[in-house]
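# Analysis of the macromolecular model
Chain residues, written in single-letter form:
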Amino acid sequence: MNFDVPRIPLGDWIEAGLDFFTDHFSGLTRGFSSFTRGGISLLNDGLMWVNPWLIILAVCLLCWRAGGVKLAVFALLGLGLILNLGLWDPMIQTLTLVLIATLLAIVIALPTGILAALSERFYRIIMPVLDFMQTMPAFVYLIPAIPFFGIGAVAGIFATVIFSMPPAIRFTALGIRQVPGELMEAADAYGSTRSQKLFKLQLPLSLPTIMAGINQTIMLALSMVVIAAMIGADGLGTEVWRAIQRLQPGAGFEAGIAVVILAMLLDRLTQALRR
Amino acid sequence: MSDEKAIKIRVKGLTKVFGDNPEKAIKLRDEGYGRTEILKQSGQTLGLSNIDFDVYEGELLVIMGLSGSGKSTLIRCLNRLIEPTEGDIVIDGENIPTLDEKALRECRRRHFSMVFQHFALFPHRSVRRNAEYGLEVRGVDSQERHKKADDALKQVGLEGWEDAMPSQLSGGMQQRVGLARALANDASVLLMDEAFSALDPLIKREMQQELIELQERTRKTTIFITHDLDEAINIADRIVLLKDGEVVQIGTPEQILTAPADDYVARFVEGVDMTRILTAEAAMKPVRATARDDDGPRTALYKMRENSLESIYVVDSERRLLGIVTAEQLGKAEGVESIRDLVDSDCPKVGPDEPLQALFGMFEQRNYPIAVIDEQARLKGVVVRGAVIEQLARAGDKS
Ligand SMILES: Nc1ncnc2c1ncn2[C@@H]1O[C@H](COP(=O)(O)OP(=O)(O)OP(=O)(O)O)[C@@H](O)[C@H]1O
Ligand SMILES: [Mg+2]
């Protein structure tokens, strides 16, 4: 049973497509690149410049205000440990990448999600695309990022934004679609315009759902940023990567624990802010 | 009386078909098929069919019908929350179905305030911010709309709750907020879709009473939907009765109760407590004869004998009721020139709206009929004991 079916050159087609993009949209990619790089170094340098203890204090205060004493104590111990292990600078680098990637993801996801909620046709187009984006193995996104942006943080951010964006889009659309029809009817009955309905009703009412999406986006961004160390996005991932190459399990786990601490802090903090 | 009144909204030939092929449904309808047959043949639901009625300026019009009769569809066609398939809805010279999006929005802002069955309050806004919503979307500045919202809240008895959130309020209070939102808006017509149906009976009564008082005070044109006949009778100036998307009867509560247009209406009326609903006017008979105050005893006695009466009502030249005299009194009177001095002015009399139930008690004390008088004390008719029972029996038979 040996049919001689020629192998479909799927990979070749994709490469041709990518080449086309890099050739014709280099202006765009370069613009994005310099813009993002500027943002990264600004935020990174800023955070590095401030005394670590001052940052820890500020984070503890925020945690205490938003989530109570327990969260504040956890922040103090966790961040203290990271500082003690000498992982402060890579942690700040990772945090910078996560923040910028999340910000970009939200900027794209909110309007996309709103559009998906308001237009049935767009919703039907975008949902399979999101499924595809989320089931694709994470580091496959690293591959096109390199021809677009070269090795480094910007390529990492690009891959991270693509990987982490779907939940924010999904939850935004979901939240808006969940606004009860009766309330929309009331808004219509009193003569609201489309944008009045959006800003006075749909967005405020879906805010908790949107925040849940953003929380997931942050978590995904963090996991992706760590992986993006493979293409030169420096941070805690780089420490793990280096430990693997040098067969230093201890150092690898230390960096891993730092990632977990950061993840838990970001998670609890965004959840607390939802309320 | 009705043709003196100004018409606020005129609904003409209003039809609504739910489905993707309204032409087919309308064609079947015009061939004389009913709702179920149309659904079977074309898969289209005939929500409303050829509805005609007028809404008078300042009246409280109740639209009543069983579940599925098309009440919600009808009220939503008025402000086009549901797009009518055919027909005209003219308000102050504007034909609503023909308006474009912008004009429709203006029309909704100017003409329609709506109160919903399940309140439909905005949960993220305070009571005041809910009440001012209609003004807010119209771009009224915040000071003015605060003032109007607070005024409206005061009218519905929610002073002091302005900053509470809707979730902190009971059902009855939430619907007061819904009402305040409608009142603050100052639109010319109030639409209420089963506004009190979700409230428990006691609160419901209270709200009905307040609505009646409010409506009498402000004379705002109100269209109120209910499936509850008691409620309709209690608050309506006029009732439009719907059945399977068609109007079966339009009339005052009195007309609907005493002269049901068909079996459907009669069945509807069945459950109502007649003694509470029927009024003196329904059981009233014309007066066979009256005496004038300047008649002499002889004339009065003659009139009574001619009409085989034992007592006679005495009225003045404007037909205002002065009282009653009996044959016995007149027989004893010697040398009296007019009967004026013999009149017993303490005779039983009621207004036309008096419930029949109240009349029962009055019959126990006296044995002569009860006079029905209007606001100017003019004699309109009499109610005799037998007529009350007869009326109740008749209403019972019909159902
Ligand atoms: N969107 C719709 N699509 C199809 N059919 C509908 C739709 N809305 C209403 N209908 C049908 O139209 C008819 C009238 O419905 P409507 O909601 O106006 O009745 P109603 O008198 O308000 O009843 P209720 O007392 O239950 O609220 C019903 O047969 C209903 O099934
Ligand atoms: Mg209804």
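Residues numbered from 1 in each chain as written. Chains lettered and ligands numbered in written order. Predicted model: local features only at pLDDT ≥ 70, side-chain atom pairs only at ≥ 80, totals over all residues. Heavy atoms only, no water.

Going by what an unreviewed UniProt entry lists, chain B is known as Quaternary amine transport ATP-binding protein and is assigned to Kushneria aurantia. Listed in UniProt under the heading Sequence similarities (unreviewed entry), the comment for chain B reads: "Belongs to the ABC transporter superfamily." Listed in UniProt under the heading Subcellular location (unreviewed entry), the comment for chain B reads: "Cell inner membrane". (UniProt positions renumbered as here; feature names shortened; annotations may be inferred.)

As recorded in an unreviewed UniProt entry, chain A goes by the name ABC transporter permease, listed as coming from Kushneria aurantia. For chain A, the Sequence similarities (unreviewed entry) comment in UniProt is given as "Belongs to the binding-protein-dependent transport system permease family." Recorded under Subcellular location (unreviewed entry), the UniProt text for chain A is reproduced unchanged: "Cell membrane".

## What to know about the overall build of chain B
Summing up its helical and strand segments, chain B has 18 helices and 16 strands in all. By principal-axis analysis of the C-alpha atoms, chain B measures approximately 85 × 60 × 40 Å. Put simply, chain B has 399 residues, and 52% of those count as buried. In chain B, 65% of the contacts between residues at least 6 apart in sequence involve partners at least 24 apart. Summed over its atoms, the accessible surface of chain B is roughly 18,700 Å², and 45% of this surface lies on carbon and sulfur atoms. One finds the centroid of the 54 positive side-chain charges in chain B at a distance of 2 Å from the centroid of its 68 negative side-chain charges. (Helix = DSSP H or I, 4+ residues; strand = E, 2+ residues; numbered from the N terminus. Buried < 20%, exposed > 50% of the residue type's maximum accessible area, 1.4 Å probe, protein only. Contact = heavy atoms within 4.5 Å. Areas by Shrake-Rupley, 256 points an atom, 1.4 Å probe, with all protein chains shown as cover. Lys, Arg positive; Asp, Glu negative; His and termini not counted. Charge placed at Lys NZ, Arg CZ, Asp CG, Glu CD.)

## A look at the site of ligand 1
All names here are of chain B. The immediate surroundings of ligand 1 are formed by Phe18, Arg35, Thr45, Leu66, Ser67, Gly68, Ser69, Gly70, Lys71, Ser72, Thr73 and Glu194. A distance of 2.5 Å separates an oxygen atom of ligand 1 from a polar atom in the side chain of Ser67. In this structure, Ser69 approaches ligand 1 through a main-chain N or O atom, which is 3.3 Å from an oxygen atom. Taking 630 Å² as the accessible area of ligand 1 by itself, protein coverage stands at 59%. When residues of the shell around ligand 1 are assigned to their parent elements, the largest contribution, three residues, is made by helix α3 (residues 71–78). Residues of the shell around ligand 1, tallied by class, amount to two nonpolar, seven polar and three charged. (Near = heavy atom within 4 Å. Polar contact = N/O pair within 3.5 Å; in protein donor to acceptor, adjacent residues only side chain to side chain. Nonpolar A, V, L, I, M, F, W, Y, C, P; charged D, E, K, R; others polar.)

## Section: the domain arrangement of chain B
How big an interface is tends to be stated in terms of accessible area lost as the parts join. Domain annotation for chain B reports domain 1 (7–122 + 188–272) and domain 2 (281–396). Taking only C-alpha atoms, the centre of domain 1 of chain B and the centre of domain 2 of chain B are 43 Å apart. (Domains from an automatic or database assignment.)

## As for the UniProt feature "domain: ABC transmembrane type-1" (unreviewed entry) in chain A
In the UniProt entry, the feature "domain: ABC transmembrane type-1" (unreviewed entry) is given for residues 91–270 of chain A. Structurally, residues 91–270 of chain A is divided into 84% helix and 0% strand, and its ends, taken at the C-alpha atoms, are 18 Å apart.

## A few points about the packing of aromatic side chains
The full count for this structure, using the stated rule, is three aromatic pairs over all chains. When the ring of Tyr141(A) is compared with that of Phe163(A), the centres are 6.3 Å apart and the planes differ by 55°; the resulting orientation is tilted. Here the residue Tyr141(A) occupies a position in the loop between α6 (120–135) and α7 (142–149), and Phe163(A) occupies one in helix α8 (residues 153–177), the gap between them amounting to 22 residues. With a centroid separation of 4.7 Å and 55° between ring planes, the pair formed by Phe122(B) and Tyr133(B) is classed as tilted. With Phe122(B) in the loop between β6 (112–115) and α5 (127–131) and Tyr133(B) in helix α6 (residues 133–137), this pair connects stretches of sequence that are eleven residues apart. Here Phe122(B) matches Tyr133(B) in class, with each residue buried. (Phe/Tyr/Trp six-rings, centres within 6.5 Å; stacked < 30°, edge-to-face > 60°.)

## A word on the interface of chain A and chain B
Facing the 16 residues of chain A at the interface are 25 residues of chain B. Between chain A and chain B, the buried area comes to about 1,800 Å², and carbon and sulfur atoms account for 61% of it. Inspection of the region where chain A meets chain B yields two salt bridges. Lys200(A) serves as the salt-bridge partner of Glu136(B), at 2.6 Å between the closest nitrogen and oxygen. Taken together, the links from chain A to chain B amount to nine residue pairs in polar contact (both at pLDDT 80 or more). In terms of residue count, helix α9 (residues 181–189) of chain A provides more of the side of chain A that touches chain B than any other element does, seven residues in total. When its residues are assigned to classes, the side of chain A that touches chain B shows eight nonpolar, four polar and four charged. (Buried area = accessible area lost by both parts, 1.4 Å probe. Salt bridge = Lys/Arg side-chain N within 4 Å of Asp/Glu carboxyl O.)

## Describing unusual backbone geometry
Residue and element names in this part refer to chain B. Within the chain, Phe119 stands out as a residue other than glycine whose phi angle is a positive 70°. Its place among the elements puts Phe119 in the loop between β6 and α5. For Asp244, which is not glycine, the phi dihedral falls at a positive 45°. Within the secondary structure layout, Asp244 lies in the loop between β9 (238–243) and β10 (246–251).

## Examining the pairing of strand β2 (residues 45–56) of chain B
Residues and elements named next belong to chain B. Most of β2 sits inside the fold, with nine of its twelve residues counted as buried. Sheet topology places strand β1 (residues 7–18) next to β2; eight bridges connect them, and they run antiparallel. Residue pairing in the sheet places Lys16 in a bridge with Leu48 of β2. (Pairing = 2+ DSSP bridges.)

## Some thoughts on the environment of Ser69(B)
Within the secondary structure, Ser69(B) is located in the loop between β3 (60–64) and α3. With residues up to four places along the chain from it excluded, the contact list for Ser69(B) reads Arg35(B), Gly47(B), Leu242(B), Lys243(B), Asp244(B) and Gly245(B).

## Concerning the confidence of the model for chain A
Of all residues in chain A, 99% attain a pLDDT of 70 or more, and the chain-wide mean is 88. α7(A) is the least confidently modelled element of chain A, averaging 79 in pLDDT, while α9(A) averages 95, the highest of any element. (pLDDT = per-residue confidence, 0-100.)

## Things to note about helix α5 (residues 88–118) of chain A
Its 31 residues give α5(A) an end-to-end C-alpha distance of 44 Å, which sits within 8% of 45 Å, the value for a rise of 1.5 Å per residue. Remark: the principal bend of α5(A), roughly 25°, maps to Ala109(A), with a proline, Pro111(A), within the next four residues. (Expected span 1.5 Å × (residues − 1). Bend = angle between axes of the 7 residues up to and from the residue.)

## Re the UniProt feature "domain: CBS" (unreviewed entry) in chain B
Here, UniProt's "domain: CBS" (unreviewed entry) annotation points to residues 284–342 of chain B. Split by type, residues 284–342 of chain B is 27% helix and 24% strand. Its first and last C-alpha atoms lie 26 Å apart.

## Brief notes about the packing of α5(A) against helix α10 (residues 194–227) of chain A
Residues and elements named next belong to chain A. Taken N-terminus to C-terminus, the directions of α5 and α10 make an angle of 140°; their axes are 9 Å apart at the nearest point. Compared by their axis directions, α5 and α10 come out oblique. At the point where α5 passes α10, the crossing takes the right-handed sense. Side by side, α5 and α10 meet where Thr94, Leu97, Val98, Thr102, Ala105, Ile106, Leu110, Ile114 and Leu118 of the first sit next to Leu198, Gln202, Leu203, Ile210, Ile214, Thr217, Ile218, Ala221, Leu222 and Val225 of the second. Its residues assigned to classes, the contact of α5 with α10 shows 15 nonpolar, four polar and no charged. (Axes fitted to C-alpha atoms, helices over the stretch in contact; angles between N-to-C directions. Parallel < 35°, antiparallel > 145°, perpendicular 65-115°, else oblique. Left-handed = near helix turned anticlockwise from the far one by under 90°.)

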